[in-house]
Amino acid sequence: MAVQISPSILSADFARLAEAAAAVPNADWLHVDVMDNHFVPNLTLGLPVVESLLKATSTPLDCHLMIEDPDRWAPAYAEAGAGSVTIHVEAAKAPVRTLRQIRAAGARAGLALNPATAVEPYEDLLGEVDMLLMMTVEPGFGGQRFLDIVLPKIRRARGLIDGHGGQIWLQVDGGVSAETIERCAEAGADVFVAGSAVYGAADPARAIDELRSAAEKA
Ligand SMILES: O=C(CO)[C@H](O)[C@H](O)COP(=O)(O)O
Ligand SMILES: [Fe+2]
């Protein structure tokens, strides 16, 4: 699978989100971190902002829901037009139903795992997902340090995906930079979220090009 880069607008200026989207025409996705101050200790944005962003950009939205009740809210993001909607296994009470609802609404269905959550118990859900998201920081904030301890799990997830034989993407999120992206790619990731490494750079589009070539080299 070709490398895909999904810059996280968490590190952009929330008063200028349309400009943040326009600054990265070479992005494959725009990663939107939805946080509710319950599942994670931070509060960001929700459905109304996603609806406005959808009107402001043609780049597909990759919505990462860090919320307590994804079963209630995830389908609405898909119905609104998000290209991908990811729910956390630690939060979902009915993940199979919710993943099916996301797909039925026309979006790609993602399943996210916190750094300490093992992937093996979710092997039977692979048929329900289009993407696995491996958190490489504890969710809640941008700009954190990449957790190397997640790399063996990324390798195991790659093995499970390859064994499954489907077209499941493997995303990494948290502390992904020019310095860490090669390790993620070597471990088998193919979709890379980067917030501070893109929006903290003087030239966000150039930062994406650099991340992409580093991942492609690995
Ligand atoms: O889900 C997230 C945090 O919970 C963000 O997507 C992630 O942290 C991106 O920011 P950075 O690349 O700066 O780590
Ligand atoms: Fe995220």
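So, how was this worked out
- Residues numbered from 1 in each chain as written.
- Chains lettered and ligands numbered in written order.
- Predicted model: local features only at pLDDT ≥ 70, side-chain atom pairs only at ≥ 80, totals over all residues.
- Heavy atoms only, no water.
- Donors = N, O, S within 2.8 Å, 3.2 Å for Na, K, Ca; no water.
- Helix = DSSP H or I, 4+ residues; strand = E, 2+ residues; numbered from the N terminus.
- Buried < 20%, exposed > 50% of the residue type's maximum accessible area, 1.4 Å probe, protein only.
- UniProt positions renumbered as here; feature names shortened; annotations may be inferred.
- 1 Å grid on protein atoms, 1.4 Å probe; cavity = no way out; pocket = protein on both sides within 12 Å on 5 of 7 lines; lining within 4 Å.
- Near = heavy atom within 4 Å.
- Polar contact = N/O pair within 3.5 Å; in protein donor to acceptor, adjacent residues only side chain to side chain.
- Areas by Shrake-Rupley, 256 points an atom, 1.4 Å probe, with all protein chains shown as cover.
- Sits in = over half its atoms within 2 Å of the grid points.

Trainee: How should the coordination of the iron ion (ligand 2) be read in this particular structure?
Mentor: Each donor-metal-donor angle in an ideal tetrahedron of four donors is 109.5 degrees, and each such angle in an ideal octahedron of six donors is either 90 or 180 degrees. Looking at the iron ion (ligand 2), one finds its protein donor set to be His31 (NE2), Asp33 (OD), His64 (ND1) and Asp173 (OD), positioned 2.0 to 2.3 Å from the metal centre. Counting residues between consecutive donors of the iron ion (ligand 2) along the chain gives the motif H-x1-D-x30-H-x108-D. With Asp33 in strand E2 (residues 30–35) and Asp173 in strand E7 (residues 169–173), the pair connects residues that are 140 residues apart, well separated along the chain. Neither Asp33 nor Asp173 differs from the other in exposure class; each is buried.

Trainee: What is the right way to read the UniProt feature "active site" (unreviewed entry) in the protein chain from this model?
Mentor: Per the UniProt annotation, the sites labelled "active site" (unreviewed entry) are Asp33 and Asp173. A stretch of 141 residues holds the annotated residues, and the largest C-alpha distance among them is 10.5 Å, short enough that they meet in one place. Of the annotated set named above, Asp33 and Asp173 line the largest cavity. According to the relative accessible area criterion, Asp33 is buried, its value standing at 6%.

Trainee: Could you clarify how one ought to interpret the site of ligand 1 in this entry?
Mentor: Taken together, 20 residues form the shell around ligand 1, and within it Asp33, Gly143, Asp173, Gly195 and Ser196 come nearest. Gly175 places a main-chain nitrogen or oxygen 2.8 Å from an oxygen atom of ligand 1. In this structure, an oxygen atom belonging to ligand 1 sits 2.5 Å away from a side-chain N or O atom of Ser196. When isolated, ligand 1 has an accessible area of 360 Å², and the protein chains bury 100% of it. Placement of ligand 1 is best described as lying within the largest cavity.

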